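Notes for the structure review
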Amino acid sequence: MTSCSSSARKASLSKIASNRLQKELMEWQVNPPVGFKHKVTDNLQRWVIEVNGAPGTLYAGETYQLQVDFPEHYPMEAPQVIFIPPAPLHPHIYSNGHICLDILYDSWSPAMTVSSICISILSMLSSSPEKQRPADNDRYVKNCRNGRSPKETRWWFHDDKA
């Protein structure tokens, strides 16, 4: 279950955030997580990452795109991570690309990296027993129009099976 509120802000990256992201990007280029490809752009604050479904799962052979937007105070504040539509059919992924995953919100830690986020998302996809939208998808998406951030949602984390 979810609910949305409004008001989004965009600020440039702090020096700490910029240094951290440059370091993560260099590490990614040397040792990218399996099943992911960073699409190179000149915007350090927004990454687009190609996600390949893991072999032997419901998503094998499928490719999706994640958009990762970094806040001014990353890594002290979690990035906003969404699937660029079309989003995969999954019980914790809304049709607008918003992802209900605790590490993106309440359980975020500055020790996490883009690579660890990607691995968590792939694990979530891989463990799903069926392809379906969340039960409240239509209501949630309708309430989150006009570019509202998933970080403005009060998420209810109740299912660790998918």
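Residues numbered from 1 in each chain as written. Predicted model: local features only at pLDDT ≥ 70, side-chain atom pairs only at ≥ 80, totals over all residues. Heavy atoms only, no water.

So, about the sheet that holds strand β4 (residues 80-84). Taken in spatial order, the 4 strands of this open sheet run β1-β2-β3-β4, and their pairing is antiparallel. Strands at the two margins of the open sheet, each flanked by one partner only, are β1 (36-39) and β4. Ignoring strand direction, the axes of neighbouring strands in this sheet form an average angle of 25°. Bridge count for strand β2 (residues 46-52) against strand β3 (residues 63-69) is 7 bridges, and the pairing is antiparallel. Each bridged residue has a counterpart across the sheet, and for V48 the counterpart in β3 is Q67. Each of β1 and β2 is contacted by helix α1 (residues 15-30), which is oriented at about 30° to β2, the strand it contacts most. Docked against the sheet, helix α2 (residues 114-126) engages β1, β2, β3 and β4, running at close to 35° with respect to β2. (Pairing = 2+ DSSP bridges. Helix = DSSP H or I, 4+ residues; strand = E, 2+ residues; numbered from the N terminus. Axes fitted to C-alpha atoms, helices over the stretch in contact; angles between N-to-C directions. Contact = heavy atoms within 4.5 Å.)

What follows covers the nonpolar core. Counting residues in hydrophobic clusters, the biggest one holds 35 residues, and the most contacted among them are W47, I49, L66, F83 and I99. Within the residue set of this core, elements represented by two or more residues are α1, β2, β3, β4 and α2. Residue contributions to this core peak at 7 residues, all from α2. Non-local contacts of L66, meaning those with residues more than four positions away in its chain, are made with W47, V48, I49, V51, V81, I82, F83, I84, I99, C118 and I121. In this structure, Y94, C100, V141 and C144 belong to the second largest nonpolar core, which totals 5 residues. (Core = buried A, V, L, I, M, F, W, Y, C linked by side-chain atoms within 4.5 Å. Buried < 20%, exposed > 50% of the residue type's maximum accessible area, 1.4 Å probe, protein only.)

As a further point, take the UniProt feature "active site" (unreviewed entry) in the protein. UniProt tags C100 as "active site" (unreviewed entry). Inspection of the secondary structure assignment puts C100 in the loop between β4 and α2. (UniProt positions renumbered as here; feature names shortened; annotations may be inferred.)

Here we come to the packing of aromatic side chains. Per the stated rule, a full pass over the model turns up 6 aromatic pairs. With a centroid separation of 5.4 Å and 70° between ring planes, the pair formed by W47 and F70 is classed as edge-to-face. Of this pair, W47 sits in strand β2 while F70 sits in the loop between β3 and β4, and the two are 23 residues apart along the sequence. Residue W47 shares its accessibility class with F70, and that shared class is buried. With a centroid separation of 4.3 Å and 40° between ring planes, the pair formed by Y94 and Y140 is classed as tilted. Placement of the pair is Y94 in the loop between β4 and α2 and Y140 in helix α3 (residues 137-143), with a sequence separation of 46 residues. A single burial state applies to Y94 and to Y140, both of which are buried. (Phe/Tyr/Trp six-rings, centres within 6.5 Å; stacked < 30°, edge-to-face > 60°.)

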